[in-house]
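Listed below are the residues making up each chain.
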Amino acid sequence: MLLLTTLLARADISPPEGYVETCTVALQCGETEGTSCSAYFGGRTECEALEAKGWQRMCQTRGASTWSEVFCAQAPDDDARRTRIEQTTGFAPTIQPLPARRCGCSAAGMGAGWLLVPLLLLARRRMQ
């Protein structure tokens, strides 16, 4: 039962010491108009609305159950983005493709939770 509990707890892990978030509107969009939206494992409605308007998705922050995504009205120059991030963090980033979108993950996350229900019912029955 302890193993199942740890599966549920692994969703969001704090960043390592010294971590600097580079997925911010200022760093990603610079002078270009930008905004961020909230998303979670069950959906990214706000972000999809920005995509529908033609905004460019630049990055997403850390997080497994909740995260933010940064969008720019136009895709900024990659060299300018690298320079802004390097000046802020002290390291030169590699601009990598965005990870796959996280839609449809809610079913996978619920699997471990449903396994706990029979175990909890059994434990309750034995206590009575």
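1. With respect to the pairing of strand 3 (residues 66–72)
Most of strand 3 sits out of view: 5 of its 7 residues are buried. Examined bridge by bridge, strand 1 (residues 34–40) and strand 3 share 7 bridges and lie antiparallel to one another. Within the sheet, the bridge partner assigned to serine 38 lies in strand 3 and is serine 68. Relative to strand 3, strand 2 (residues 56–60) is paired through 4 bridges, and the arrangement is antiparallel. By the bridge assignment, glutamine 60 is partnered in strand 3 with glutamate 69.

2. Observations concerning the sheet that holds strand 3
Read from one edge to the other, the open sheet built from 3 strands follows the order 1-3-2, with strand pairing classed as antiparallel. The open sheet terminates on both sides in strands that have one partner only, identified here as strand 1 and strand 2. Across this sheet, the average inter-strand angle for adjacent strands is 30 degrees, counted without regard to direction. Here helix 3 (residues 45–52) sits on the sheet in contact with strand 1, strand 2 and strand 3, set at roughly 140 degrees to strand 1.

3. Side note on the pairing of strand 2
The buried fraction of strand 2 is high, at 4 of 5 residues. What sits between strand 2 and strand 3 in their antiparallel hairpin is a turn of 5 residues, with glycine 63 showing a positive phi close to 135 degrees.

4. A word on the pattern of salt bridges
Overall, the coordinates contain 5 salt bridges when judged by the stated rule. For the salt bridge of arginine 82 with aspartate 79, the shortest nitrogen-to-oxygen distance reads 3.1 Å. Of this pair, arginine 82 and aspartate 79 are both found in helix 4 (residues 78–89), 3 residues apart, which corresponds to roughly one turn of the helix. On the basis of relative accessibility, which here comes to 29%, the residue arginine 82 falls in the partly exposed class. Residues participating in the shared-partner salt-bridge network are Arg44, Glu51, Arg57 and Glu69.

5. What about the confidence of the model for the protein?
For the protein, per-residue confidence averages 78 on the pLDDT scale, and residues scoring 70 or more make up 66% of the total. Looking over the protein, one finds the lowest element-wise mean pLDDT in helix 1 (residues 2–9), namely 49, and the highest in helix 3, namely 96.

6. Description of the side chain of threonine 61
By the element assignment, threonine 61 lies in the loop between strand 2 and strand 3. Here threonine 61 falls in the buried class, since its relative accessible area comes to 15%. When sequence neighbours within four positions are dropped, the list of residues in contact with threonine 61 reads Glu21, Cys23, Trp67 and Ser68.

Thresholds, definitions, all that
- One numbering rule holds for all chains: residues counted from 1, following each sequence as written.
- Restriction of local features to residues with pLDDT of at least 70 applies here, the model being predicted, together with a cutoff of 80 or more for giving and counting side-chain atom pairs; totals for whole chains, interfaces and linings are based on all residues.
- Each side-chain value is worked out from all heavy atoms of the structure, with water and hydrogens disregarded.
- Relative accessible area decides the class of each residue, using a 1.4 Å probe on protein chains only: under 20% of the type maximum gives buried, over 50% gives exposed, and in between gives partly exposed.
- Secondary structure elements follow DSSP: runs of H or I no shorter than four residues count as helices, runs of E no shorter than two count as strands, and numbering proceeds from the N terminus.
- Strands are labelled as partners when DSSP assigns at least two bridges between them.
- Convention adopted: a line fitted to C-alpha atoms gives each axis, helices being fitted over their contacting stretch, and angles between N-to-C directions are expressed from 0 to 180 degrees.
- Throughout, a contact is declared for two residues whenever any of their heavy atoms are within 4.5 Å.
- Any carboxyl oxygen of Asp or Glu within 4 Å of a side-chain nitrogen of Lys or Arg constitutes a salt bridge here.
- In predicted models, pLDDT denotes the confidence assigned by the predictor to each residue on a 0 to 100 scale.

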